[in-house]
Amino acid sequence: MNEQTTIDRTQREYSEAAKKALGRSPQLYINGEWVDSSGGETIDVEDPSSGKVVSKIVEASDKDVDRAVAAARTAFDDGRWRNMPPVARQKIMNRLADLIEEHADELAELEAIDVGKPKGMAGAIDVPGAAAHIRFCAGWAGKINGETISPYTMPGDMMFAYTLKEPVGVCAQIVPWNFPLLMACLKIAPALAAGCTTILKPAEQTSLTALRLADLIAEAGIPAGVVNIITGYGHTAGDRMVKHPDVDKVAFTGSTEIGKLINRNVTDTLKHITLELGGKSPVVVMPDVNVQETAPGVSQAIFFNSGQVCVAGSRLYAHKSVFDDVVEGMAQTKDFWAPRPSLDPDAHMGPLVSKEQHERVMGYIDAGKRDGASVLMGGDAPSDDGYYVNPTILTDVNPQMSVVREEIFGPVVVAQRFEDLDEVVKDANDTQYGLAAGVWTKDASAAHRIASKLQAGTVWVNCHAMIDTAIPFGGYKESGVGREQGREGIEAYLETKSVIMKL
């Protein structure tokens, strides 16, 4: 009997810590305090492993957004954070990282309940990654400096010139539902290091860990108003944040469609903006690979986090000489990736985040079938309870199909053969996106040649989705504007001021 038909998909019992977090009253974290909304609207919180409503959060009103922005504005203008000695800001940020680690098990469980990802994965990747972002940026707090510059057209003994690096101001930060805690920390960490203040809005589907993070922010000693966390819908609360006249910078991670809308909305006031958007990442497998090593790697590239990853390796291009072996090797991983409830200790892949996302992914699979694609593995939903989709491999596809051209954001890979290197690079680049790409080969020279030709912000060789807080991350083309992480991620929250003095 197929193992996938015998899995018990009953969600496990929640811990007492998780129950306490789920049972809290729906409130917002504004100006260092938990406050009620000015309105009475709430949003249901679902556990995608069961489809059951387990909590409620505030649907923030315009007045709530205005109150949060005002708190951030006041906190920035009076200098309570940006004028604090960098050593003190660094110490507080490191304390926040300590607290995240101290509450790692609870945070991992909340992430699992909220998103549907396996708790083990959240505990191994999301929570440590969140703390790492805070620590890395904390180290930058005392290393932000301008420079002295020798004038080019003026006598050096008459003029003295230097630059200052100053925080950009009040930041509106909107994060997605696939890595809620990790993305929240990725956003607030460089803002804090630079001396900015912020209003963070987590995705309405997954706000639990951001709200718990607010408790830790207060406990760490970050002054009131420096970080404000509000919950609500993107088209209401998010839109209000983006358009607010007292916001100086917008940072958004999410779909290209919404990113374009945000980009248009900030035009009137020319706010600073960072956008990390969608992807349809190609993975090129060369003929010299060890298939036994490569097949599990390219499987992880697409099935990790149920394929709900902006850099997911969703377009596989395997050389014709190894194509059959690679896809067969991927098919052999179906039991490993069989979706299970997020609190199942044996889970490697959980359900999709919501009913809406489940319907979207199944719709793409059905469209692929209608267009003539063959289902080598999966293509179905294994349970009526929870939002599960089996890991899916589609073959016999062509570039005109929606499953090849559009971002599915689910555990679905389209597998294609290639013969010529130049041709596969052309096909890989034939997309509106340019976030990431992968190359699998033993030939270092070929890897460098292909990497230089791929139009992507990140190219992985013999691995995938290896993201490090010290390494810049962002996209080409319609996959984004600007870079996060590393030095460039800090620079995104700074203004450069030139000072020129006649001696």
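Residues numbered from 1 in each chain as written. Predicted model: local features only at pLDDT ≥ 70, side-chain atom pairs only at ≥ 80, totals over all residues. Heavy atoms only, no water.

1. Description of unusual backbone geometry
Now for step 1: Of note, the phi angle at Phe409 is positive, near 60 degrees, even though the residue is not glycine.
Now for step 2: Along the chain, Phe409 turns up in the loop between α14 (402-405) and β16 (412-418).
Now for step 3: A positive phi is found at Gln485, a non-glycine position, where the angle reads about 75 degrees.
Now for step 4: Here Gln485 is to be found in the loop between β19 (480-481) and α17 (486-491).
Now for step 5: Residue classification places Gln485 among the buried positions, given a relative accessible area of 9%. (Helix = DSSP H or I, 4+ residues; strand = E, 2+ residues; numbered from the N terminus. Buried < 20%, exposed > 50% of the residue type's maximum accessible area, 1.4 Å probe, protein only.)

2. With respect to helix α4 (residues 104-115)
Residues lying three or four places apart along an α-helix face the same way, a consequence of the helix completing one turn every 3.6 residues.
Now for step 1: If you check α4, its first and last C-alpha atoms are 16 Å apart, about what 12 residues at 1.5 Å a residue would give, namely 16 Å.
Now for step 2: With 10 of its 12 residues buried, α4 lies for the most part within the structure.
Now for step 3: Among all positions in α4, only Glu106, Leu107, Ala108, Glu109, Leu110, Glu111, Ala112, Ile113, Asp114 and Val115 are buried. (Expected span 1.5 Å × (residues − 1).)

3. Points about a nonpolar patch on the surface
Now for step 1: On the surface, Phe160, Met501 and Leu503 cluster together to form a nonpolar patch covering roughly 300 Å² of accessible area.
Now for step 2: On the secondary structure map, Leu503 appears in the segment after β20 (494-502).
Now for step 3: Residue classification places Leu503 among the exposed residues on the basis of a relative accessible area of 61%. (Patch = residues over 30% accessible without salt bridge, like charges linked within 9 Å, V, L, I, M, F, W, Y side chains within 5 Å. Areas by Shrake-Rupley, 256 points an atom, 1.4 Å probe, with all protein chains shown as cover. Salt bridge = Lys/Arg side-chain N within 4 Å of Asp/Glu carboxyl O.)

4. Section: the pairing of strand β8 (residues 197-201)
Now for step 1: Summarising burial for β8: 5 of the 5 residues are buried, a large majority.
Now for step 2: Across the two faces of β8 the burial is the same, with Thr197, Ile199 and Lys201 and Thr198 and Leu200 all buried.
Now for step 3: With 5 bridges connecting them, strand β7 (residues 170-174) and β8 associate as parallel partners. Within β8, the position partnered with Cys171 by the bridge is Thr198.
Now for step 4: Looking at chain direction, β8 and strand β9 (residues 227-229) are connected through 3 bridges and run parallel. By the bridge assignment, Ile199 is partnered in β9 with Asn228.
Now for step 5: One crossover worth recording links β8 to the parallel β9 by way of helix α7 (residues 208-220), and it is right-handed. (Pairing = 2+ DSSP bridges. Right-handed = clockwise from strand over helix to strand, strands pointing away.)

5. Quick notes on the sheet that holds strand β6 (residues 159-167)
Now for step 1: With antiparallel pairing, the 3 strands of this open sheet are ordered in space as β5-β6-β20. Whereas interior strands pair on both sides, the edge strands pair on one side only; in this sheet they are β5 (148-149) and β20.
Now for step 2: The sheet contact formed by β6 and β20 spans 9 bridges and is antiparallel. Following the sheet pairing, Ala161 is matched in β20 by Ile500.

6. Observations regarding the nonpolar core
Now for step 1: Of all hydrophobic cores here, the largest spans 99 residues; its most connected members are Ile100, Val285 and Leu316.
Now for step 2: Considering every element that reaches this core, the biggest residue donor is helix α6 (residues 180-194), with 12 residues.
Now for step 3: What Val285 contacts, discounting residues up to four positions off in sequence, is Thr294, Val298, Leu316, Tyr317, Ala318, His319, Val322, Val326, Phe418 and Trp440.
Now for step 4: Judged by nonpolar contacts, the second largest core, of 27 residues, contains Val69, Val170, Val250 and Phe252. (Core = buried A, V, L, I, M, F, W, Y, C linked by side-chain atoms within 4.5 Å. Contact = heavy atoms within 4.5 Å.)

7. Some points on the pattern of salt bridges
Now for step 1: Tallied over the full model, the rule gives 30 salt bridges.
Now for step 2: Across the pair Arg240 and Asp62 runs a salt bridge whose closest N-O atoms are separated by 3.5 Å. Here Arg240, found in helix α8 (residues 234-243), pairs with Asp62, found in helix α2 (residues 62-77); they are 178 residues apart in sequence, far enough to count as distant.
Now for step 3: In this structure Arg240 comes out as partly exposed when scored by relative accessible area, which is 32%.
Now for step 4: Residue class for Asp62 comes out partly exposed when judged on its relative accessible area of 38%.
Now for step 5: By sharing partners, the salt bridges in this structure join Arg24, Glu106, Arg212 and Asp215 into a single network.

8. Some thoughts on the sheet that holds strand β13 (residues 315-319)
Strand pairing within a sheet occurs via backbone hydrogen bonds; the two strands may be parallel or antiparallel.
Now for step 1: Across the sheet, 7 strands lie side by side as β14-β15-β16-β13-β12-β17-β18; this open sheet has mixed pairing. Looking at which strands have only one partner, the edges of the open sheet turn out to be β14 (374-377) and β18 (458-461). Taking the axes of each pair of neighbouring strands and ignoring which way they run, one obtains an average angle of 25 degrees across the sheet.
Now for step 2: Pairing between strand β15 (residues 392-395) and β16: 3 bridges, direction parallel. Counted as the bridge partner of Thr392 is Val412 from β16. (Axes fitted to C-alpha atoms, helices over the stretch in contact; angles between N-to-C directions.)

9. Remarks on the packing of aromatic side chains
Now for step 1: The final tally for this structure, using the stated rule, is 6 aromatic pairs.
Now for step 2: Ring plane angle 55 degrees and centroid distance 5.4 Å describe the contact between Tyr29 and Trp34, whose orientation is recorded as tilted.
Now for step 3: Overall, the relative accessible area of 3% leaves Tyr29 in the buried class.
Now for step 4: Through a chain of ring-to-ring contacts, the aromatic side chains of Phe303, Phe336 and Trp337 assemble into a single cluster.
Now for step 5: Directly above the aromatic system of Trp81 lies the positively charged group of Arg89, at a separation of 6.0 Å from the ring centroid.
Now for step 6: Across from the ring centre of Tyr493, 4.8 Å away, lies the NZ or CZ of Lys249, which sits over that ring. (Phe/Tyr/Trp six-rings, centres within 6.5 Å; stacked < 30°, edge-to-face > 60°. Lys NZ or Arg CZ within 6 Å of the ring centre and 35° of its normal.)

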